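# Secondary and tertiary structure notes
Residues per chain, in single letters:
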Amino acid sequence: MNEVSAVEGATEGSGGSAVGSSRFVRACLRQSVDRTPVWFLRQAGRYMPEYMAVRKHHTLLDICRTPEVAAEVTITAAERLGVDAAIIFADLLLPFTPMGVDFEFLAGEGPVVHVPIRTAEQVKALRTDRIDELSYVARSIEKVAAHFAPPRADGDQLGIIGFCGAPFTLASYMIEGGSSRNYIETKKMMYSDGVAWPLLMEKLVTVLVGYAQQQVEAGADVIQIFDSWAGALGVTDYRQYCLAATTELVRRVQALGVPVIYFGVDTASLLSTMRETGADVIGLDWRVPLEVGWKSVGYGCGVQGNLDPISLFAPLEVLKSRVTEVLDAAEGRSGHIINLGHGIVQGTPVESVIQVVQWVKEYGA
Ligand code: CP3
């Protein structure tokens, strides 16, 4: 499954002479492809009736922790949409449980961490020795990988994406206790606790590398690292407090033998610094034109994105013009994966998502 050779300590990505097994993996490695690969952030979610049917009988965490169900949800979404990659159904916060941080998802509120991590003592108490408890995600990946092992009708192998959070974004949930607008508690620890913050970053990297390793061994072709809220940081703070830990995570995941996609939202001013992590592909949100974002990260790196998720609510002719605009902006360069700039939201018309896939397949044909 993972034919990509590991380049220990690589800062120029996982490329080398490896040949990707699918157009998605090939694009991650900036190798030539017959057409631009397409998939969607949050492609399995509440906008999709098939997901809601499963969700009727299971909580979100039940789905994540039951490999048969998580695999079914992953597979159904990828097949319904006809995309080139399947992202494993899991959640960013799952590693909190073996670290000793209890959380739940409350309807309408999103994730809630009952006892937020605010002190050095609490950080010191976080466990990093129970990563095995996350192996249910690897079991889901094995099922998805087995399902998609045979090449598809067009001869291509579907890409399988494993994922984890980035240290800053995960720390923000731990410290704030949930979603946040201003990240006050997170930044307070970051600015003022020279013991707790670096230790928290280090512990998260330890857990995330182990978790990513389980996913790669189970058959993930690529690991996407979600730094969804990195855009809350100015460049100086990102560089001073987050870049080293994130770079360490990227480098150690690449050493497992897979390309890394590093994604954040509202990152226009951070892109060239995010590129310093050495990630193979940088995810772009929709606020930056694709050609501007790609120039910022440099053409030695792939890019993923970057349609506005809400453009999926537009009349089809408007949506089509946005899809064409993004594809045109890539100018046929190797290393573009078309996607949204952030996740599909509830209420999105499924037919519009499928239509985007069709247009991508027809483009330039
Ligand atoms: O197809 C897929 O992408 C599904 C797999 C997936 C989920 N969460 C399932 C999920 C992925 C890749 C994630 C990542 C995730 N989780 C992120 C990073 C991605 C991003 O959006 O930036 C974040 C920040 C989380 C934490 C999280 N999980 C939040 C803030 C919420 C609540 C927001 C909401 O939409 O209600 C969740 C819940 C969640 N995780 C859902 C899904 C499909 C919502 C659906 C449900 O409750 O059943």
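Above this text is the structure in question.
An account of the accompanying structure is given in this report. (Residues numbered from 1 in each chain as written. Predicted model: local features only at pLDDT ≥ 70, side-chain atom pairs only at ≥ 80, totals over all residues. Heavy atoms only, no water.)

## Structural notes on the sheet that holds strand S9 (residues 336-337)
Read across the sheet, seven strands follow the order S1-S4-S5-S6-S7-S8-S9 without closing on themselves; strand pairing throughout is parallel. Edge strands, defined here as strands with exactly one partner in the open sheet, are strand S1 (85-87) and S9. Of the pairings in the sheet, the one linking S1 to strand S4 (residues 159-165) comprises three bridges and is parallel in character. Residue alanine 86 lies in a different strand from S4, and its bridge partner there is isoleucine 160. Together, S4, strand S5 (222-227) and strand S6 (260-264) form the strand contacts of helix H11 (residues 235-254), whose direction differs from that of S6 by roughly 150 degrees. (Pairing = 2+ DSSP bridges. Helix = DSSP H or I, 4+ residues; strand = E, 2+ residues; numbered from the N terminus. Contact = heavy atoms within 4.5 Å. Axes fitted to C-alpha atoms, helices over the stretch in contact; angles between N-to-C directions.)

## A look at the layout of surface pockets
Taken as a whole, the largest pocket encloses approximately 1,200 Å³ of empty space. Lining the largest pocket are 38 residues, with Arg42, Arg46, Leu60, Asp91 and Phe105 sitting closest to its centre. Contributions of two or more residues to the lining of the largest pocket are made by helix H2 (49-55), strand S2 (103-106) and strand S3 (110-113). Forming the boundary of the second largest pocket are 17 residues, of which Val33, Asp34, Arg35, Thr36 and Gly332 lie nearest the centre. Taken together, the residues of the lining of the second largest pocket break down into six nonpolar, seven polar and four charged. (1 Å grid on protein atoms, 1.4 Å probe; cavity = no way out; pocket = protein on both sides within 12 Å on 5 of 7 lines; lining within 4 Å. Points joined across faces, edges and corners; volume = space filled by probe spheres on them. Nonpolar A, V, L, I, M, F, W, Y, C, P; charged D, E, K, R; others polar.)

## Describing the pairing of S4
Where burial is concerned, most of S4 is hidden: seven out of the seven residues are buried. Every second residue of S4 is oriented toward a common face, with Gly159, Ile161, Phe163 and Gly165 on one face and Ile160, Gly162 and Cys164 on the other, all of them buried. Two elements, S4 and S5, share five bridges in a ladder whose sense is parallel. Looking at the pairing, phenylalanine 163 lines up with glutamine 224 of S5. (Buried < 20%, exposed > 50% of the residue type's maximum accessible area, 1.4 Å probe, protein only.)

## Looking at helix H10 (residues 196-218)
Look at H10: 33 Å from first C-alpha to last across 23 residues, which is about the 33 Å you get at 1.5 Å a residue. In the stretch just after H10, glycine 219 is the one whose phi turns positive, near 125 degrees. (Expected span 1.5 Å × (residues − 1).)

## Some points on the site of the ligand
In the neighbourhood of the ligand, 23 residues make up the surrounding shell, with Arg46, Tyr51, Arg55, Ser228 and His342 lying closest. Alanine 44 places a polar main-chain atom, nitrogen or oxygen, 2.9 Å from an oxygen atom of the ligand. A distance of 3.5 Å is found between a nitrogen atom of the ligand and a backbone nitrogen or oxygen belonging to alanine 90. Protein chains bury 88% of the 860 Å² of accessible surface belonging to the ligand in isolation. Because more than half of its atoms lie within 2 Å of the grid, the ligand is assigned to the largest pocket. Broken down by class, the residue content of the shell around the ligand amounts to 14 nonpolar, five polar and four charged. (Near = heavy atom within 4 Å. Polar contact = N/O pair within 3.5 Å; in protein donor to acceptor, adjacent residues only side chain to side chain. Areas by Shrake-Rupley, 256 points an atom, 1.4 Å probe, with all protein chains shown as cover. Sits in = over half its atoms within 2 Å of the grid points.)

## Some words on the packing of aromatic side chains
Overall, the coordinates contain nine aromatic pairs when judged by the stated rule. Considering the side-chain rings of phenylalanine 103 and phenylalanine 105, the 5.8 Å spacing of their centres and the 90 degrees angle between planes classify their relative orientation as edge-to-face. Taking 5.7 Å as the distance between ring centres and 75 degrees as the angle between the ring planes, the aromatic pair formed by phenylalanine 226 and phenylalanine 263 counts as edge-to-face. Here the residue phenylalanine 226 occupies a position in strand S5, and phenylalanine 263 occupies one in strand S6, the gap between them amounting to 37 residues. Residues phenylalanine 226 and phenylalanine 263 agree in their burial class; the two are buried. Feature note: the residues Phe96, Phe103 and Phe105 constitute an aromatic cluster, connected by ring pairs. Over the ring of tryptophan 294 we find arginine 333; its NZ or CZ atom is 5.4 Å from the centre of that ring. Just above the ring of tyrosine 299 sits the side chain of arginine 333; from NZ or CZ to the centre is 3.9 Å. (Phe/Tyr/Trp six-rings, centres within 6.5 Å; stacked < 30°, edge-to-face > 60°. Lys NZ or Arg CZ within 6 Å of the ring centre and 35° of its normal.)

## Here's the deal with the packing of helix H9 (residues 184-192) against H10
H10 packs onto H9 with a crossing angle of 110 degrees between their chain directions and a minimal axis gap of 7 Å. If you check the angle between H9 and H10, you find them roughly perpendicular. Residues Thr186, Met189 and Met190 of H9 lie in contact with H10, whose contacting residues are Ala196, Trp197 and Leu200. Taken together, the residues that form the contact of H9 with H10 break down as five nonpolar, one polar and no charged. (Parallel < 35°, antiparallel > 145°, perpendicular 65-115°, else oblique.)

## A word on the pattern of salt bridges
For side chains bearing opposite charge, pairing can occur when the charged atoms are close. For the structure shown, the criterion picks out 21 salt bridges. Note that glutamate 133 is salt-bridged to arginine 130, the shortest N-O span being 4.0 Å. Taking the relative accessible area as the measure of exposure, glutamate 133 reaches 44% and is therefore partly exposed. Judged by its relative accessible area of 25%, arginine 130 is partly exposed. Between glutamate 248 and arginine 251 there is a salt bridge, and its shortest N-O distance comes to 3.7 Å. Of the two residues, glutamate 248 and arginine 251 both sit in helix H11, three residues apart, roughly one turn of that helix. When salt bridges with common partners are traced through the structure, they connect Arg23, Asp34, Arg35, Asp84, Arg152, Asp154 and Asp156 into a single cluster. (Salt bridge = Lys/Arg side-chain N within 4 Å of Asp/Glu carboxyl O.)

## Observations regarding the nonpolar core
Phe24, Phe40 and Trp197 are the most contacted members of the largest nonpolar core, which totals 134 residues. When residues no more than four places from it in sequence are discounted, the contact partners of phenylalanine 24 are Pro37, Trp39, Asp84, Ala85, Gly159, Ile161, Val222, Ile261, Gln304 and Ile337. (Core = buried A, V, L, I, M, F, W, Y, C linked by side-chain atoms within 4.5 Å.)

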